Amino acid sequence: MIANFGYKDGSGDFYIIIDTDKCNGCGDCVPVCPAGILEVRDNEYDPMADDLMAAVKEEFRKKIKYSCSPCKPDNIDYTLPCVKACQFDAITHSW
Ligand code: SF4
Ligand code: SF4
C-alpha cells in the first residue's frame, strides 16, 4: 500500500510517501533525518499485518515542507538522506 504523509496547499503537494509493501520497518531512515521527523511504528495501513513501517511523526505532517527544506538544496543530483538510507527504495517525496 502507498502511505502519504503530508499536505497540499496553494504552493504545491508536500508528501512523504512510504511504500508499505517495500518498507520492512528496519528503521535505517530514522537516525539519518536531521529534523527527526521519521519514526517506525505499527503498520497502520494493514492492522492485520504483524509488521512495522516508517512514518512521519504526527506533529510534523502539516509542516514537512518546512522541516525538510534544509535537506533540499538546489542541486538536483543530491539524494535526500532518508531516501539514500533506504536500501529498499521505500521512500519517495512528492516535491
Ligand atoms: S529505511 Fe526504508 S525499509 Fe527501513 S524503515 Fe525506512 S522506509 Fe522502511
Ligand atoms: S528530506 Fe531530510 S528532513 Fe525530510 S524526511 Fe528526509 S532526511 Fe528527514
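Our subject is the structure that appears above.
Residues numbered from 1 in each chain as written. Chains lettered and ligands numbered in written order. Predicted model: local features only at pLDDT ≥ 70, side-chain atom pairs only at ≥ 80, totals over all residues.

Some thoughts on the overall build of the protein chain
So, step 1. The number of helices and strands found in the protein chain is three helices and five strands.
So, step 2. The C-alpha atoms of the protein chain give 13 Å as radius of gyration, which agrees with the globular expectation for 95 residues (12 Å, within 12%).
So, step 3. Principal-axis analysis of the C-alpha atoms gives the protein chain an extent of 40 × 30 × 20 Å.
So, step 4. Per-residue burial over the protein chain gives 26% buried out of 95 residues.
So, step 5. Excluding contacts between residues fewer than 6 apart, the proportion of contacts in the protein chain whose partners are at least 24 apart in sequence is 59%. (Helix = DSSP H or I, 4+ residues; strand = E, 2+ residues; numbered from the N terminus. Rg over C-alpha atoms; globule rule 2.2 N^0.38 Å. Buried ≥ 20, exposed ≤ 12 C-beta atoms within 10 Å, placed from the backbone. Contact = placed C-beta atoms within 7 Å.)

Here's the deal with the site of ligand 2
So, step 1. Near ligand 2 you find 13 residues, and of these Cys33, Ala35, Cys68, Cys71 and Cys82 are the closest.
So, step 2. Split by residue class, the shell around ligand 2 holds 12 nonpolar, one polar and no charged. (Near = placed C-beta within 6 Å. Nonpolar A, V, L, I, M, F, W, Y, C, P; charged D, E, K, R; others polar.)

Observations regarding the site of ligand 1
So, step 1. Surveying the vicinity of ligand 1 reveals 15 residues, the closest of which are Cys23, Cys26, Cys29, Ala54 and Cys86.
So, step 2. Grouping the constituent residues of the shell around ligand 1 by class yields 11 nonpolar, three polar and one charged.

Purely spatial values, then, with no claim about function.
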